[in-house]
Amino acid sequence: MSLQVSSATLYDFPFSSASYRLRIALSLKGVAPRQTKGINLRAFEQKGDDYLAVSDAPMVPSMDFGPAAFGQSIALIEWLDKVYPDPRLIPEDCDDALAVRSIALAIACDIHPLNTPRVLNHLVGSMAQNEDVRDDWYAHWVREGFTVLERQLERYASRGPFCIGTTPTLADLCLVPQVLNARRFGVPIDEFARINAIDAHCTTQAAFQVAAPKPD
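The structure displayed is predicted, hence computed values, not measured ones. (Residues numbered from 1 in each chain as written. Predicted model: local features only at pLDDT ≥ 70, side-chain atom pairs only at ≥ 80, totals over all residues. Heavy atoms only, no water.)

(A) Broad picture of the environment of aspartate 56. Along the chain, aspartate 56 falls in the loop between α2 (49–52) and β3 (62–64). Each C-alpha atom of the pair aspartate 56 and alanine 97 lies 29 Å from the other, and the pair is 41 residues apart in sequence. (Helix = DSSP H or I, 4+ residues; strand = E, 2+ residues; numbered from the N terminus.)

Shown next, in the form of structure tokens:
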């Protein structure tokens, strides 16, 4: 094994959904980076020369292993699952793995990218939209995405309290941060019963609690 978490520096922002999902994965695996460095997205530190000397892109999370640095939380979690396979976050069963990835990517690819700080900042900056427009944009894409996600999750409700089954998977790691951010932005999500039930169960788990950002 050439790359190891114990030799890596994690670049992180507490309220980044992508960073949060990676922290949950690390917590579940019981592994920790050599050190963690905060990158304040609100102060645009991700665009600074120091960070860009490490990361290919002005985004978090990233992990610098020394010889190379890598971003993209889903890629890093998939790597973790190969190198540290206990507990598994992507099931070995091919059909279950497909279901987990389908749910996870519905969040990570369809909902989350439309509501990242760089998109919201562009709306109120270069596009000169006011905060009401920004908040409506955020709520629209969360609610549209959650409507689809709720239908997906209802298929597996009988299998256990997590997204699929009795143990957390990549799907849960993506869901919990997205729910937290929706609530932080005041988006009404009470109607999504299955999403809320999974989130409530996950947030009772120690690994999720350890990884959670502290309140502002």
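Still to come is the rest of the account.
(B) Broad picture of helix α6 (residues 131–154). Compared with an ideal rise of 1.5 Å per residue, which puts 24 residues at 34 Å, α6 spans 34 Å between its outermost C-alpha atoms and is within 8% of the ideal. The complete set of buried residues in α6 reads Tyr138, Ala139, Val142, Gly145, Phe146, Leu149, Glu150, Gln152 and Leu153. For α6, the secondary structure elements touched by its buried residues are α4 (94–111), α5 (117–124), α7 (170–184) and α8 (193–202). (Expected span 1.5 Å × (residues − 1). Buried < 20%, exposed > 50% of the residue type's maximum accessible area, 1.4 Å probe, protein only. Contact = heavy atoms within 4.5 Å.)

(C) The sheet that holds β3, seen in detail. An order of β2-β1-β3-β4 is seen for the four strands of this open sheet, with the pairing classed as mixed. In this open sheet, the two edge strands, each paired with only one partner strand, are β2 (35–38) and β4 (69–71). The average undirected angle you get between the axes of adjacent strands in this sheet is 20°. Where strand β1 (residues 9–12) meets β3, three bridges bridge the pair, whose relative direction is antiparallel. Residue pairing across strands places leucine 10 opposite methionine 63, the latter belonging to β3. (Pairing = 2+ DSSP bridges. Axes fitted to C-alpha atoms, helices over the stretch in contact; angles between N-to-C directions.)

(D) Molecular detail of the layout of surface pockets. Of the volumes computed, that of the largest pocket is approximately 1,100 Å³. In this structure, the largest pocket is lined by 45 residues; those nearest its centre are Leu41, His112, Thr116, Pro117 and Arg118. Top contributing element to the lining of the largest pocket by residue count: α5, with six residues. For the lining of the largest pocket, the class distribution of residues is 23 nonpolar, 15 polar and seven charged. (1 Å grid on protein atoms, 1.4 Å probe; cavity = no way out; pocket = protein on both sides within 12 Å on 5 of 7 lines; lining within 4 Å. Points joined across faces, edges and corners; volume = space filled by probe spheres on them. Nonpolar A, V, L, I, M, F, W, Y, C, P; charged D, E, K, R; others polar.)

(E) Spotlight on the pairing of β2. Relative to β2, β1 is paired through four bridges, and the arrangement is parallel. In the sheet register, aspartate 12 faces β2, and the bridge partner there is glycine 38. Note on the crossover from β1 through helix α1 (residues 17–29) to β2: the handedness is right-handed. (Right-handed = clockwise from strand over helix to strand, strands pointing away.)

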